[in-house]
Amino acid sequence: MDSVTQEINRDIYGMPAFVTVTVADLDRTVDWYVNGLDFISLFTVPGPDGNPVLVHLRRWRYQDILVRLGEAPAGGEWTISMMAALEQLDGLAERARAHGGGIVEGPFDTPWNTRDLRVTDPDGYTVVYTARRAEGGRDARFTAMMEEEARLQLGD
């Protein structure tokens, strides 16, 4: 998965996990994810008055966010991390910065051999796009430590 870009699809499937965020301004939040980042709006659920109350957003398979209209909870930090292709991160950061309305940090290298892009939407929810660093850019000490840990776990 290091350099394979996943295709966004509109398949309907049972989601093994997903995130629901509650926001005060549905249009603003959907606009951030669709036009500022690389999500699509899969479908919208209208309320009794016909106005949207829930929007199902999707990026790659199993990277789904349900955006629900309501009063956003106060306090605490919320973050979801999702896999990305390394070559996408710079363009995604540029797109989100150009769109405006949220906070964009990175991309930056982490001590655990990933390159991450941290974006915070207008409601304070954070999504981290994380990609494995290229072969020549990985921290050899961290790689050796993880290989040793795996060896110990397997009892070798």
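Up top you'll find the structure we're talking about.
Residues numbered from 1 in each chain as written. Predicted model: local features only at pLDDT ≥ 70, side-chain atom pairs only at ≥ 80, totals over all residues. Heavy atoms only, no water.

Re helix α1 (residues 26-36)
Rules: Throughout this description, buried means an accessible area under 20% of the type-specific maximum (1.4 Å probe, protein chains only), exposed means over 50%, and partly exposed covers the range between. Comment: elements are numbered from the N terminus, with helices defined as DSSP H or I runs of at least four residues and strands as E runs of at least two. Counted as a polar contact is a pair of N or O atoms within 3.5 Å, where, for protein atoms, one must be capable of donating a hydrogen and the other of accepting one, and residues adjacent in sequence contribute only when both atoms are in side chains.
The complete set of buried residues in α1 reads Leu26, Thr29, Val30, Trp32, Tyr33 and Gly36. For α1, the side-chain oxygen to backbone nitrogen distance between the N-cap and aspartate 27 is 3.3 Å, and the N-cap itself is aspartate 25.

Here we look at a nonpolar patch on the surface
Which entries qualify depends on this criterion: Only residues whose relative accessible area exceeds 30% and that take part in no salt bridge are eligible for patches, with like-charged residues grouped when within 9 Å of each other and nonpolar side chains (Val, Leu, Ile, Met, Phe, Trp, Tyr) grouped when within 5 Å. For every accessible area listed, the method is Shrake-Rupley and the probe measures 1.4 Å; residues are considered covered only by the protein chains on display. What counts as a salt bridge is simple: a side-chain nitrogen of Lys or Arg found within 4 Å of a carboxyl oxygen of Asp or Glu.
Taken together, the side chains of Ile12, Phe43 and Val45 define a hydrophobic patch exposed on the protein surface, amounting to about 270 Å² of accessible area. Here valine 45 shows up in strand β2 (residues 40-46). Exposure remark for valine 45: the relative accessible area of 31% places this residue in the partly exposed category.

Some remarks on the packing of aromatic side chains
Definition in use: Between 30 and 60 degrees the pair is tilted, below 30 it is stacked and above 60 it is edge-to-face, where a pair is any two Phe, Tyr or Trp rings, Trp via its six-membered ring, whose centres lie within 6.5 Å. Note on geometry: a ring has a charge over it if NZ (lysine) or CZ (arginine) is within 6 Å of the ring centre and within 35 degrees of the ring normal.
Summed over all chains, the structure comprises 1 aromatic pair. With a centroid separation of 5.4 Å and an interplanar angle of 85 degrees, the aromatic rings of tyrosine 33 and phenylalanine 39 are classed as edge-to-face. Given a relative accessible area of 3%, phenylalanine 39 falls into the buried group. Geometry around tryptophan 60 places arginine 59 over its ring, the cationic atom sitting 4.2 Å from the centre.

Examining the pattern of salt bridges
Counting across every chain of the model gives 8 salt bridges. When the shortest N-O distance is used, the salt bridge between aspartate 11 and arginine 61 registers 3.7 Å. A residue pair is termed long-range when its members are at least 10 positions apart, and aspartate 11 in the segment before β1 (19-23) and arginine 61 in the loop between β3 (52-58) and β4 (64-69) qualify at 50 residues. What makes aspartate 11 partly exposed here is its relative accessible area of 41%. Taking relative accessible area as the criterion, arginine 61 reaches 36% and is therefore assigned partly exposed. A single network of salt bridges, built from pairs that share partners, joins Asp109, Arg115 and Arg133.

Section: the nonpolar core
Operational definition: Nonpolar core, defined: a set of buried Ala, Val, Leu, Ile, Met, Phe, Trp, Tyr and Cys residues in which side-chain atoms within 4.5 Å join the residues together. Residues are treated as being in contact if the distance between any of their heavy atoms lies within 4.5 Å.
In this structure, Tyr33, Leu37 and Tyr129 are the most contacted members of the largest nonpolar core, which totals 27 residues. When residues of this core are traced back to their parent elements, those giving at least two are β1, α1, β3, β4, β5 (79-83), α2 (89-99), β7 (114-120) and β8 (126-132). Contact partners of leucine 37, with chain neighbours within four places excluded, come to Trp32, Leu92, Arg95, Ala96, Val119 and Tyr129.

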